[in-house]
Amino acid sequence: MSKPTLAWAMPMYGSVHRLVYESHMTAMGSLAKEGIVVTPKFVIVSNKMGLASASNKITQAILDQKPDYIFWTEMDMVLPAYTVTRLLKHAQQYNIDVLSGVYFLRGSGQPCLFKKVLEEKENPFYHTQMGTFPKNAIFEVGCPGVGCVLFKREVFEQLEFPYWDDRQGRCGQDIYFYTKLREKGIKVYADSSVICDQIDEDEPKLWTSKEYEEWLRKEGGHRSGFLQDDTKSIKLNDVESR
């Protein structure tokens, strides 16, 4: 059985932090050890070319090459070495088209996980943040962000251009994209056996599972407004959470 081919997509704003660069190179090295061919694709975001335009340009360039999978990340993500190999393994094992790792948002430590709970005609992009999630499991979400997510190429081939759009005024490009997937009936999953860190270069500071646990303890002292996890999940017994 031949090994899958994979494109590594990342919009860039400038220089990459050392911790990010090292983690991405290590993750690519893990793929190389498995005999998986990786093609990196980077496009600089500028005043002339915003994030959505850069993301569309990356997507079109990748689709022309027809890789089996696309791993999408961002330049503030610090990835474990096993990130893509594990996502790829679980995506193939459970036949999943879109599978994301889990990371925590700068400034709060809250998980970047959202679900579609309310249907609003005036705002089809509305999502509710998930405050908790099952450990060591694969579970369905509405939007897991685009910091650490694996797609089958065919996912993009089912969508009309533009794939990404941040000019809607009511959502970011990730919410716009995942709303399009939902309209096509494409399910999105997160894998909590893949926990990533997000770096804030201004401090610099890493936002990790430790900050998430601190946020949970604080929120536990009063009635909070976040969405508790109540979704069915696939429990993973062959891996340990980080």
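Residues numbered from 1 in each chain as written. Predicted model: local features only at pLDDT ≥ 70, side-chain atom pairs only at ≥ 80, totals over all residues. Heavy atoms only, no water.

S.K.: What is the right way to look at the environment of Gly-14 in this model?
M.R.: With respect to the helices and strands, Gly-14 occurs in the loop between strand E1 (6-12) and helix H1 (18-33). We classify Gly-14 as partly exposed; its relative accessible area is 32%. The spatial distance from the C-alpha of Gly-14 to the C-alpha of Met-75 is 9.0 Å, given a sequence separation of 61 residues. (Helix = DSSP H or I, 4+ residues; strand = E, 2+ residues; numbered from the N terminus. Buried < 20%, exposed > 50% of the residue type's maximum accessible area, 1.4 Å probe, protein only.)

S.K.: Honestly, the sheet that holds strand E10 (residues 188-195) in this entry has me stumped. Any pointers?
M.R.: As a general point, the strands of a sheet are linked pairwise by backbone hydrogen bonds and lie either parallel or antiparallel. Taken in spatial order, the 8 strands make up an open sheet running E2-E1-E3-E9-E5-E10-E8-E13, and their pairing is mixed. This sheet does not close on itself; its edge strands, each paired only once, are strand E2 (38-44) and strand E13 (233-235). On average, each strand axis in the sheet is tilted by 20° relative to the strand beside it, whichever way the strands run. Bridging between strand E8 (residues 137-141) and E10 involves 4 bridges; their strand directions are antiparallel. The residue of E10 that forms the bridge with Val-141 is Val-188. Sitting on the sheet, helix H3 (residues 83-93) is in contact with E1, strand E3 (69-73), strand E5 (98-102), E8, strand E9 (148-152) and E10, with an inclination near 135° to E10. (Pairing = 2+ DSSP bridges. Axes fitted to C-alpha atoms, helices over the stretch in contact; angles between N-to-C directions. Contact = heavy atoms within 4.5 Å.)

S.K.: Would you take a moment to explain the confidence of the model for the protein for this structure?
M.R.: The share of residues in the protein with pLDDT of 70 or more is 90%, and the mean pLDDT across the chain is 88. In this model, residues 222-227 is a region of pLDDT below 50 whose contacts with residues beyond four sequence positions or in other chains number 14 contacts. (pLDDT = per-residue confidence, 0-100.)

S.K.: Teacher, can you tell me more about the pattern of salt bridges here?
M.R.: Once the charged atoms of two side chains with opposite charge are near each other, the side chains can pair. Under the defined criterion, the tally for this structure stands at 8 salt bridges. Put simply, Arg-106 and Asp-76 hold a salt bridge, and the shortest N to O gap is 2.3 Å. Here Arg-106, found in the loop between E5 and strand E6 (114-115), pairs with Asp-76, found in the loop between E3 and strand E4 (77-78); they are 30 residues apart in sequence, far enough to count as distant. Given a relative accessible area of 14%, Asp-76 falls into the buried group. Within this structure, Lys-66, Arg-153, Glu-154 and Glu-157 form a network of salt bridges that share partners. (Salt bridge = Lys/Arg side-chain N within 4 Å of Asp/Glu carboxyl O.)

S.K.: When you look at the packing of aromatic side chains in this model, what are you seeing that I'm missing?
M.R.: Pairs of aromatic rings are described using the distance from one ring centre to the other and the angle between the two planes. What the rule picks out here adds up to 17 aromatic pairs. An angle of 15° between the planes, with centres 6.2 Å apart, marks the rings of Phe-133 and Phe-139 as stacked. In this structure, Phe-133 and Phe-139 share a single accessibility class: buried. Consider the rings of Phe-161 and Tyr-163, whose centres lie 5.7 Å apart with planes at 90°: the pair is edge-to-face. Connected via pairs of aromatic rings, a cluster forms that spans Trp-72, Phe-151, Phe-156, Phe-161, Tyr-163, Trp-164, Phe-177 and Tyr-178. (Phe/Tyr/Trp six-rings, centres within 6.5 Å; stacked < 30°, edge-to-face > 60°.)

S.K.: Explain helix H2 (residues 51-65) here, please?
M.R.: Quick reminder: α-helices carry 3.6 residues per turn. Residues three or four places apart thus point the same way. For H2, spanning 15 residues, the distance from its first C-alpha to its last is 22 Å, which sits close to the expected 21 Å at 1.5 Å a residue. Burial in H2 covers these residues: Ala-52, Ala-54, Ser-55, Asn-56, Ile-58, Thr-59, Ile-62 and Leu-63. On its buried side, H2 packs onto E1, E2, E3, helix H4 (153-157) and helix H5 (173-183). Just past H2, the residue Lys-66 takes up positive phi, approximately 55°. (Expected span 1.5 Å × (residues − 1).)

S.K.: How do you make sense of the nonpolar core when you look at a structure like this?
M.R.: The nonpolar side chains of a soluble globular protein tend to be buried with one another. Ranked by internal contacts, the top residues of the largest apolar core, which has 66 residues, are Phe-151 and Tyr-178. For Tyr-178, the contacting residues outside a window of four places in its chain are Val-98, Gly-142, Cys-143, Pro-144, Gly-145, Val-146, Val-149, Phe-151 and Val-188. (Core = buried A, V, L, I, M, F, W, Y, C linked by side-chain atoms within 4.5 Å.)

S.K.: Is there a simple way to explain unusual backbone geometry in this structure?
M.R.: Excluding glycine, most residues fall at negative phi; most peptide bonds, likewise, are trans. Going from Phe-161 to Pro-162, the amide bond is cis rather than trans, its omega being 0°. Relative to the helices and strands, Pro-162 is located in the loop between H4 and H5. Of note, the phi angle at Lys-66 is positive, near 55°, even though the residue is not glycine. Inspection of the secondary structure puts Lys-66 in the loop between H2 and E3. We note that Asn-95 has phi near 55°; this positive angle belongs to a residue other than glycine. With respect to the element layout, Asn-95 can be found in the loop between H3 and E5. By relative accessible area, Asn-95 is classed as exposed at 58%.

S.K.: Just checking my understanding: could you explain the state of the cysteines for this structure?
M.R.: Two cysteines form a disulfide when their sulfur atoms are joined by a covalent bond. Taken as a whole, this structure holds 0 disulfides when the rule is applied. Between Cys-112, a cysteine without a disulfide, and Cys-143, which holds the nearest cysteine sulfur, the sulfur-to-sulfur distance is 5.9 Å. Not part of a disulfide, Cys-196 finds its nearest cysteine sulfur in Cys-148, a span of 3.4 Å. We classify Cys-196 as buried; its relative accessible area is 0%. (Disulfide = S-S within 2.5 Å.)

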